[in-house]
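Chain and residue survey
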Amino acid sequence: MGKSSKISGFYKLSPVERLKLVKDFSNLSKEDTEAIQSLSGLKVEDADRMIENVIGIMSVPLGIAVNFLINDKDYLIPMAIEEPSVIAAASNAARIARIGGGFQASNTGPVMIGQIQAVDIEDPYGGKMSILESKNTILKKANEQDPILVKFGGGAKDVSVDVLDSFIGPMVVTNLLVDCRDAMGANAVNTMAEAVAPLIEEITGGKVNLRIISNLASERLVRSKAIFPKEALGGEDVVVGVVAAYAFAAADPYRCATHNKGIMNGVSAVALATGQDTRALEAGAHSFAAISGEYLPLTTWEQNEKGDLVGTIEIPMAVGLIGGATAVHPVAKACKKILGIKSAVELGEVMASVGLAQNLAALRALSSDGIQKGHMKLHARNLAISAGAKGKVIDEVTTKMIEEQKVRFDRAKELVDEISGKS
Ligand code: MEV
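Since the structure is predicted, the reported quantities are computational estimates derived from the model, not experimental observations. (Residues numbered from 1 in each chain as written. Predicted model: local features only at pLDDT ≥ 70, side-chain atom pairs only at ≥ 80, totals over all residues. Heavy atoms only, no water.)

With respect to the overall build of the chain
When helices and strands are counted, the chain shows 18 helices and 10 strands. Separation of charge centres in the chain, based on 45 positive and 50 negative side chains, amounts to 9 Å. (Helix = DSSP H or I, 4+ residues; strand = E, 2+ residues; numbered from the N terminus. Lys, Arg positive; Asp, Glu negative; His and termini not counted. Charge placed at Lys NZ, Arg CZ, Asp CG, Glu CD.)

Laid out in structure tokens, this is it:
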């Protein structure tokens, strides 16, 4: 039996103690833990090979969300994020989901779309038919570009064509559907799209303009569902409050943007920790949220016959385990080990589940106490530490400041001196 990710009091440990626990859970090597503990994990020489005009490294905190049970497997979730409360919120929601059996996740497979835009075609619908007739030739040309991907069962699998009406006239867009297996796929898809472009010109007599992957990864979806028992949530009122919060997001794009942003707090934090293209994921998520023509929540919330809360999420997840920063960044490599994931789709399922947990935590807090209370606690704790509190004194000073509603540095300092017997 694997180890459990249900760890109570994880937040009370020091970073070193937490890392020791994670190391044992995930069998991390000395290099992995050293990379995690170093200031950035990435050497400037390596960074200089990743992007242009490098002058240094920008670090963000890396934390671990605990309690996640997804498809009956325990996960510790690495999250890189500058925002407080996100990791605590995810861990707490995962603890409640666990009581209801954990997250059940699935996926549609790792298929990305490459778009080839052709213009100046006299007979766009005729052109469309000719492209479809030549499907096998197009797929063959595309697959010649990446024999390794094909060897692993991936590659270009299908072609579809859209005739679009635009303000410069009609255009014919060929969509190349590529199974990217464990790669995010941008390189493979863009190479294939560029390689088949001359064929499209030959077939249609038109002129190809763009040849590029679409970040609206509607063929690479992941789904997750969890039941949050009403007692564990804090009662029926909480269930009703969360459903009402969801109804608000479903009815109003202003609220929906923030609702989906909360989901992406979780998704993007895991993405950053594992070296993914966070911008591609954000673009995919928000465009998918608007795919019906209306901008809608990426999650749904409803009450089942027992009165428990049922949450679901469906979201595109263009993530990879090979290539790019995932392969070269030492901390990203260690984070993949912490997760113990075997495939890109498994990573996607984990990320969707984290997004769902994040959303539950936000809606639950917003429809009851509000989120400032949680933030205040963390702020008070940070103040206590900055004022010199150590060990048990941290909690004592934090609690006292919150009780008194005086969360300020001067009061923290007074309390530290008082409690440590210095005054
Ligand atoms: C803050 O980063 C995220 C929330 O605003 C999400 C939400 O409102 O659902 C709390």
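Having seen it, we continue.
Some points on the sheet that holds strand E4 (residues 111-119)
Pairing is antiparallel across the open sheet formed by 4 strands, whose spatial order is E5-E6-E4-E7. Every interior strand has two partners, whereas the edge strands, strand E5 (155-166) and strand E7 (207-214), have only one. Taking each pair of neighbouring strands and ignoring which way they run, the sheet shows an average axis angle of 20 degrees. Direction of pairing for E4 relative to strand E6 (residues 169-179): antiparallel, over a ladder of 8 bridges. Opposite Ile113, over in E6, you have Leu177 as the bridge partner. Each of E5 and E6 is contacted by helix H5 (residues 124-133), which is oriented at about 180 degrees to E5, the strand it contacts most. (Pairing = 2+ DSSP bridges. Axes fitted to C-alpha atoms, helices over the stretch in contact; angles between N-to-C directions. Contact = heavy atoms within 4.5 Å.)

A few points about the packing of aromatic side chains
Each aromatic ring pair is characterised by the separation of its centres together with the angle its planes make. Per the stated rule, a full pass over the model turns up 3 aromatic pairs. The interplanar angle of 15 degrees and the centroid separation of 5.6 Å between the aromatic rings of Phe68 and Phe103 together place this pair among those described as stacked. Here the residue Phe68 occupies a position in strand E1 (residues 62-70), and Phe103 occupies one in strand E3 (residues 103-107), the gap between them amounting to 35 residues. In this structure Phe103 comes out as buried when scored by relative accessible area, which is 0%. Seen from their ring centres, Phe103 and Phe228 are 6.4 Å apart, and the 80 degrees between their planes marks the pair as edge-to-face. Of the two residues, Phe103 sits in strand E3 while Phe228 sits in strand E8 (residues 221-228), which places them 125 residues apart along the sequence. Exposure class is identical for Phe103 and Phe228. Each is buried. (Phe/Tyr/Trp six-rings, centres within 6.5 Å; stacked < 30°, edge-to-face > 60°. Buried < 20%, exposed > 50% of the residue type's maximum accessible area, 1.4 Å probe, protein only.)

Describing the nonpolar core
Core analysis: the largest hydrophobic core is formed by 57 residues, its most contacted members being Phe68, Ile77, Met79, Phe103, Phe228 and Ile315. Element by element, the count of residues in this core is highest for helix H15 (residues 344-366), at 11 residues. Dropping the residues within four chain positions of it, Phe228 is found in contact with Ala93, Ile96, Ala97, Phe103, Leu233, Trp301, Asp308, Leu309 and Leu360. Counting 30 residues, the second-largest nonpolar core is a separate cluster that includes Ile121, Val178, Leu199 and Val208. (Core = buried A, V, L, I, M, F, W, Y, C linked by side-chain atoms within 4.5 Å.)

A few points about the packing of helix H16 (residues 372-386) against helix H17 (residues 392-404)
Between H16 and H17, the least distance of the axes is 9 Å, while the angle of their chain directions is 130 degrees. Considering the angle they form, H16 stands oblique to H17. In the crossing of H16 with H17, the sense of the turn from one axis to the other is right-handed. Residue-level inspection shows Lys377, Ala380, Arg381, Leu383, Ala384 and Ile385 of H16 in contact with H17, the latter providing Ile394, Asp395, Val397, Thr398, Met401 and Ile402. Taken together, the residues of the contact of H16 with H17 break down into 8 nonpolar, 1 polar and 3 charged. (Parallel < 35°, antiparallel > 145°, perpendicular 65-115°, else oblique. Left-handed = near helix turned anticlockwise from the far one by under 90°. Nonpolar A, V, L, I, M, F, W, Y, C, P; charged D, E, K, R; others polar.)

Overview of the site of the ligand
Around the ligand, the neighbouring residues are Glu83, Arg255, Thr258, His259, Lys261, Gly262, Asn265, Ala362, Leu366 and Ile371. Here an oxygen atom of the ligand sits 2.6 Å away from a polar atom, N or O, in the side chain of Glu83. A distance of 2.7 Å is found between an oxygen atom of the ligand and a side-chain nitrogen or oxygen belonging to Arg255. For the ligand, whose unbound accessible area comes to 300 Å², protein coverage reaches 85%. The set of elements that each furnish at least two residues to the shell around the ligand consists of helix H11 (253-273) and H15. Looking at side-chain class alone, the shell around the ligand contains 3 nonpolar, 4 polar and 3 charged residues. (Near = heavy atom within 4 Å. Polar contact = N/O pair within 3.5 Å; in protein donor to acceptor, adjacent residues only side chain to side chain. Areas by Shrake-Rupley, 256 points an atom, 1.4 Å probe, with all protein chains shown as cover.)

Some details on the environment of Gly262
Relative to the assigned elements, Gly262 resides in helix H11. As for Gly262 and Ala412, which are separated by 150 residues in sequence, their C-alpha atoms are 31 Å apart.

Notes on the packing of helix H10 (residues 236-251) against H15
Describing two packed helices takes the angle between their axes plus the distance from one axis to the other. At a minimum axis separation of 9 Å, H10 and H15 run at an interaxial angle of 105 degrees. When the axes of H10 and H15 are compared, the pair comes out roughly perpendicular. The residues of H15 that touch H10, namely those facing Val238, Val242, Ala245 and Tyr246, are Leu360, Leu363 and Arg364. Broken down by class, the residue content of the contact of H10 with H15 amounts to 6 nonpolar, no polar and 1 charged.

Looking at the domain arrangement of the chain
It is common to report an interface's size as the accessible area lost on association of the parts. Per the domain assignment, the segments of the chain are domain 1 (10-106 + 220-367), domain 2 (111-213) and domain 3 (373-422). A C-alpha centroid distance of 61 Å is found between domain 2 and domain 3. (Domains from an automatic or database assignment.)

Overview of the pattern of salt bridges
Under the criterion given, the structure shown has 19 salt bridges. Asp179 is paired through a salt bridge with Arg181; the nearest N and O atoms lie 2.9 Å apart. On the accessibility criterion, Arg181 (34% relative accessible area) is partly exposed. Because the salt bridges share partners, they merge into one network encompassing Lys400, Glu404, Arg411, Glu414 and Glu418. (Salt bridge = Lys/Arg side-chain N within 4 Å of Asp/Glu carboxyl O.)

What about helix H1 (residues 15-26)?
Between its first and last C-alpha, H1 extends 16 Å over 12 residues, near the 16 Å set by a 1.5 Å rise per residue. If you check which residues of H1 are buried, you get Leu19, Val22, Phe25 and Ser26. Here the buried residues of H1 occupy an arc of 120 degrees about the axis, which is enough to place them on one side. Pointing more than 90 degrees away from the buried face of H1 are the exposed residues Val16 and Lys20. Tucked into the core, H1 has its buried residues touching helix H2 (30-37), E1, strand E2 (73-80) and helix H14 (330-339). Looking at the residues trailing H1, positive phi occurs at Asn27, about 50 degrees. (Expected span 1.5 Å × (residues − 1). Arc of directions from axis to C-beta.)

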